[in-house]
Amino acid sequence: MMFVPVSRGMRRDPRFADLADRIGLTGYWRAAGVAPDVDRVA
């Protein structure tokens, strides 16, 4: 639900990067060798 259009405002919030890091998303993206989902959605 974090990467659906209605969540766009949340992803644009400067605090989102910290949230993604704290819940392990950035580590997952790095380990998987994929671009972050946030970079693939409008």
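Structure shown above.
Residues numbered from 1 in each chain as written. Predicted model: local features only at pLDDT ≥ 70, side-chain atom pairs only at ≥ 80, totals over all residues. Heavy atoms only, no water.

Undergrad: Residues and numbers for the environment of Pro5, please.
TA: Looking at the secondary structure, you find Pro5 in the segment before helix 1 (8-12). Overall, Pro5 belongs to the exposed group, its relative accessible area being 61%. A sequence separation of 34 residues divides Pro5 from Asp39, and the C-alpha atoms of the two residues are 13 Å apart. (Helix = DSSP H or I, 4+ residues; strand = E, 2+ residues; numbered from the N terminus. Buried < 20%, exposed > 50% of the residue type's maximum accessible area, 1.4 Å probe, protein only.)

Undergrad: Tell me about the environment of Met2, and name the residues and values.
TA: Within the fold, Met2 resides in the segment before helix 1. What makes Met2 partly exposed here is its relative accessible area of 22%. Each C-alpha atom of the pair Met2 and Thr26 lies 14 Å from the other, and the pair is 24 residues apart in sequence. Those residues in contact with Met2, other than ones at most four positions away along the chain, are Ser7, Met10, Arg11, Phe16, Leu19, Ile23 and Leu25. (Contact = heavy atoms within 4.5 Å.)

Undergrad: Explain the packing of aromatic side chains to me, using residue names and the numbers behind them.
TA: Enumeration over the complete set of coordinates arrives at 2 aromatic pairs. Ring plane angle 90 degrees and centroid distance 6.3 Å describe the contact between Phe3 and Phe16, whose orientation is recorded as edge-to-face. With Phe3 in the segment before helix 1 and Phe16 in helix 2 (residues 16-22), this residue pair connects regions lying 13 residues apart in the sequence. Taking the relative accessible area as the measure of exposure, Phe3 reaches 22% and is therefore partly exposed. Between Phe3 and Trp29, the ring centres sit 6.2 Å apart and the planes meet at 65 degrees, which makes this aromatic pair edge-to-face. One end of the pair, Phe3, is in the segment before helix 1; the other, Trp29, is in helix 3 (residues 25-32), and 26 residues separate them in sequence. Each member of the aromatic cluster is reached from another via a ring pair, and the members are Phe3, Phe16 and Trp29. (Phe/Tyr/Trp six-rings, centres within 6.5 Å; stacked < 30°, edge-to-face > 60°.)

Undergrad: Account for the environment of Asp18, with residues named and values stated.
TA: Mapped onto the elements of the fold, Asp18 is located in helix 2. Taking the relative accessible area as the measure of exposure, Asp18 reaches 43% and is therefore partly exposed. Each C-alpha atom of the pair Asp18 and Ala32 lies 19 Å from the other, and the pair is 14 residues apart in sequence.

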